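The lines below spell out each chain.
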Amino acid sequence: VPPAKPSLSPANRRREACTPALAPSPEARQGRAVGTPSATMSSLELINPNAEHISKTQALLINMAAAKGLQAVLRSNLGPKGTLKMLVGGAGQIKLTKDGNTLLHEMQIQHPTATLIARAATATDDTVGDGTTSTVLFTGELMKQAEQYLGEGLHPRVIVDGFDVAKAATVEFLDQFAKEFKDLAKDREQLCNIARTTLQTKLRPEIVENLTDIVVDALLCIRRDEEAIDLHMVEILHMQHKLDLETRLVRGLVLDHGGRHPDMPRRLEKVWIMTLNVSLEYEKSEVTSNFLYKDAKERENMVVAERKFTDDKVRQIIEFKKQVCADNPGTTMLICNQKGIDPPSLDMLAKEGILGLRRAKRRNMERLTLACGGMQINSVEELSQDMLGFA
């Protein structure tokens, strides 16, 4: 017969009931934090009710699946026999291309890992001008190989360290394998080979040869010694009524606007070029204002004064043109104005044989001064021949 258990007072009973709950667990004795999935989920729900909780293994697999999915989209683009992709915009626009940079910019990528890969690829294109598709394919293949080692239990940190070692070895090999061309601008054949290699992966063979010469000639036109090449100096104009085989290079500046008067000349040679930033039309007041007239005569005087304000500026330009052309026989003048020119002013310029272009784009104004000389004129009060360009 077991001995009888001694009776306990109420206070002792409460102390005995609390003792098991206060005993530390083995994890707590070893200094490890203890958490349960339910507790983690409840914390996430307090922060964001729509949040999803997945394990680290699932997160790795999802990120790798995103990289491999982006690789699968661009895999068929690589090489001369790559297929074209059709991009359809929200308004029904259709674009056919197999350029990786264009596809990555046009596609709406939502996954963070895929977005990170796309940004790395476009950064490569911005730096060296090519290699967008190759970057995506190489990244996807690295993720595919890493997945095998993760399945064998290798820690991701070890795989990343291996990538760093491989990167160092690759850079060392490239430094030994690369060739240096001291004056590549004078080696036209090598430039054509570089351009042809890039274009053949994106265009039909029929137009590659034509575009190779165009690209190289355009590069040599804008090149300046000891200065970085500014590709914004080359502008591509799309002619909707032409074919791709009719693409040609214009060794000069093409303005996408012409004269707005039927009597203005269509062709000019030995021309002085004036780049204006002066309004030659009726200007509204910059503040809200009212003009009060006592009679019709005052209104007519106001209209005449407004017209005279603009006509005086046009007459100053005409007198300056006569002076410059008198000192240089056989020359004429072109006015390229960033602001407007109204019909009466156009008529006055046309009578003097001056071609006037209005509302020119700012980038064209900057290119015009770089190509032909001169400077941008903001006032017609003090004009001199040094302010003009010549072509």
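One can find the structure itself at the top, above this paragraph.
How each quantity is defined
Along each chain, residue indices are assigned from 1 in the same order as the chain's sequence is written. Selection of residues for local features in this predicted model requires a pLDDT of at least 70, selection of side-chain atom pairs for listing and counting requires 80 or more, and totals for whole chains, interfaces and linings are taken over all residues. Only heavy atoms go into the side-chain values, all of them from the structure, while hydrogens and water stay out. Only DSSP runs of H or I covering at least 4 residues are called helices, and only runs of E covering at least 2 are called strands; the numbering of each starts at the N terminus. Under the scheme applied here, a residue whose accessible area is under 20% of the maximum for its type counts as buried, over 50% as exposed, and between as partly exposed, the area being computed with a 1.4 Å probe on protein chains only. Note that accessible areas follow from Shrake-Rupley with a 1.4 Å probe, and for residues the cover is restricted to the protein chains shown. We count a salt bridge whenever a side-chain nitrogen from Lys or Arg sits within 4 Å of a carboxyl oxygen from Asp or Glu. Buried residues of nine kinds, namely Ala, Val, Leu, Ile, Met, Phe, Trp, Tyr and Cys, make up a nonpolar core once their side-chain atoms join them within 4.5 Å. Throughout, a residue-residue contact means that at least one pair of heavy atoms, one from each residue, lies within 4.5 Å. Expected span of a helix, by definition, is 1.5 Å for each gap between consecutive residues, and there is one gap fewer than residues. Inter-axis angles, ranging from 0 to 180 degrees, are taken between N-to-C directions of lines fitted to C-alpha atoms, where helices are fitted over the stretch in contact. Throughout, a crossing is termed right-handed when the near helix is turned clockwise from the far one, and left-handed when it is turned anticlockwise from it by less than a right angle. Note that Gly is not counted as nonpolar here; it falls among the polar residues with everything else outside the nonpolar set of Ala, Val, Leu, Ile, Met, Phe, Trp, Tyr, Cys and Pro and the charged set of Asp, Glu, Lys and Arg. The arc in question is the one spanned by the directions pointing from the helix axis to the C-beta atoms. To count toward a patch, a residue needs a relative accessible area over 30% and no salt bridge; like charges are then connected within 9 Å, while nonpolar side chains (Val, Leu, Ile, Met, Phe, Trp, Tyr) are connected within 5 Å. Any two strands between which DSSP finds at least two bridges are classified as paired. The crossover handedness rule: strands pointing away from the viewer, path from first strand over the helix to second strand clockwise, crossover right-handed.

Engineer: So what's going on with the overall build of the protein? Residues and values would help.
Structural biologist: Counting its secondary structure elements, the protein contains 13 helices and seven strands. Burial status across the protein gives 25% buried among its 391 residues. Surface summary for the protein: the accessible area is close to 27,900 Å², and the carbon and sulfur share equals 56%.

Engineer: Which residues make up the pattern of salt bridges, and what are the values?
Structural biologist: Side chains that differ in charge, positive against negative, can pair when their charged atoms come close. As enumerated under the stated definition, the model contains 24 salt bridges in all. As a salt-bridge pair, Lys242 and Glu246 come within 3.8 Å of each other at their nearest N and O atoms. Here Glu246 falls in the partly exposed class, since its relative accessible area comes to 42%. Lys308 is the salt-bridge partner of Asp312, the closest N and O atoms lying 2.9 Å from each other. Taken together, the residues Asp312 and Lys308, both in helix 11 (residues 296–327) and four residues apart, mark about one turn of the helix. When salt bridges with common partners are traced through the structure, they connect Arg188, Asp213, Asp217 and Arg251 into a single cluster.

Engineer: Go over the nonpolar core, please, and point to the residues and values.
Structural biologist: Met274, Leu276, Ile335 and Leu349 are the most contacted members of the largest nonpolar core, which totals 33 residues. Of all elements in the fold, only strand 3 (271–276), helix 11, strand 4 (332–337), helix 12 (343–351), strand 5 (355–357) and helix 13 (362–372) reach the threshold of two or more residues within this core. Apart from the residues within four sequence positions on either side, Leu349 is in contact with Met264, Val314, Ile318, Ile335, Ile341 and Ile354. One finds Ala66, Leu74, Ala114 and Ile117 within the second-largest nonpolar core, a separate group that totals 12 residues.

Engineer: Can you explain unusual backbone geometry? Please cite residues and give values.
Structural biologist: For residues that are not glycine, phi is negative in most cases, and the peptide bond is trans in most cases. Despite not being glycine, Lys270 has its phi angle at roughly 50°, a positive value. Assignment of secondary structure puts Lys270 in the loop between helix 10 (205–222) and strand 3. Judged by relative accessible area, Lys270 falls into the exposed class, the value being 54%. For Arg359, which is not a glycine, the phi torsion comes out positive at approximately 50°. Position of Arg359 relative to the elements: it lies in the loop between strand 5 and helix 13. Given the relative accessible area of 46%, Arg359 is considered partly exposed.

Engineer: Explain helix 11 to me, using residue names and the numbers behind them.
Structural biologist: Along an α-helix, residues three or four positions apart point the same way, because every turn accommodates 3.6 residues. Between the first and last C-alpha of helix 11 there are 46 Å, a value that for 32 residues agrees with the 46 Å anticipated at 1.5 Å per step. Elements in contact with the buried residues of helix 11: strand 3, strand 4 and helix 12.

Engineer: I'd like a rundown of the environment of Thr135, residues and numbers included.
Structural biologist: In this structure, Thr135 sits in helix 7 (residues 132–151). In sequence terms Thr135 and Gln71 are 64 residues apart; their C-alpha atoms lie 9.4 Å from each other.

Engineer: So what's going on with the packing of helix 4 (residues 56–75) against helix 7? Residues and values would help.
Structural biologist: At their nearest, the axes of helix 4 and helix 7 sit 8 Å apart, and the two run at 145° to each other. The interaxial crossing formed by helix 4 with helix 7 has left-handed handedness. Judged by residue contacts, Leu60, Leu61, Met64, Ala67, Lys68, Leu70, Gln71, Leu74 and Arg75 of helix 4 engage Thr133, Val136, Leu137, Gly140, Glu141, Met143, Lys144, Ala146, Glu147 and Leu150 from helix 7. For the contact of helix 4 with helix 7, the per-class residue count stands at 11 nonpolar, three polar and five charged.

Engineer: Residue-level account of helix 4, with values.
Structural biologist: Along its 20 residues, helix 4 runs 28 Å from first to last C-alpha, staying within 8% of the 28 Å computed at 1.5 Å per residue. Looking at helix 4, one finds that the buried residues are Met64, Ala66, Ala67, Leu70, Gln71 and Leu74. On an axial view of helix 4, the arc spanned by its buried residues comes to 145°, and they lie on one face. Looking at the buried residues of helix 4, the elements they touch are helix 5 (100–106), helix 6 (112–128) and helix 7.

Engineer: I'd like a description of a nonpolar patch on the surface, backed by residues and values.
Structural biologist: Together, Leu84, Met86, Val88, Ile94 and Leu96 line one region of the surface with nonpolar side chains, adding up to about 550 Å² of accessible area. Within the residue set of the nonpolar patch, elements represented by two or more residues are strand 1 (85–88) and strand 2 (94–97). For Leu84, the location among the structural elements is in the loop between helix 4 and strand 1.

Engineer: Residue-level account of the pairing of strand 3, with values.
Structural biologist: A regular strand places its side chains on the two faces of the sheet in alternate fashion. Counted residue by residue, strand 3 has six buried out of six residues, so it is predominantly covered. Every second residue of strand 3 is oriented toward a common face, with Val271, Ile273 and Thr275 on one face and Trp272, Met274 and Leu276 on the other, all of them buried. One ladder, built from six bridges, connects strand 3 with strand 4; its direction is parallel. Paired with Trp272 across the two strands is Met333, which belongs to strand 4. Running through helix 11, the crossover from strand 3 to the neighbouring parallel element strand 4 is right-handed. Relative to strand 7 (residues 389–390), strand 3 runs antiparallel, the two sharing two bridges.

Engineer: Account for the side chain of Thr133, naming residues and giving values.
Structural biologist: Within the secondary structure layout, Thr133 lies in helix 7. Judged by its relative accessible area of 10%, Thr133 is buried. Not counting residues up to four positions away in its chain, the partners in contact with Thr133 are Leu74, Asn77, Leu78 and Gly100.

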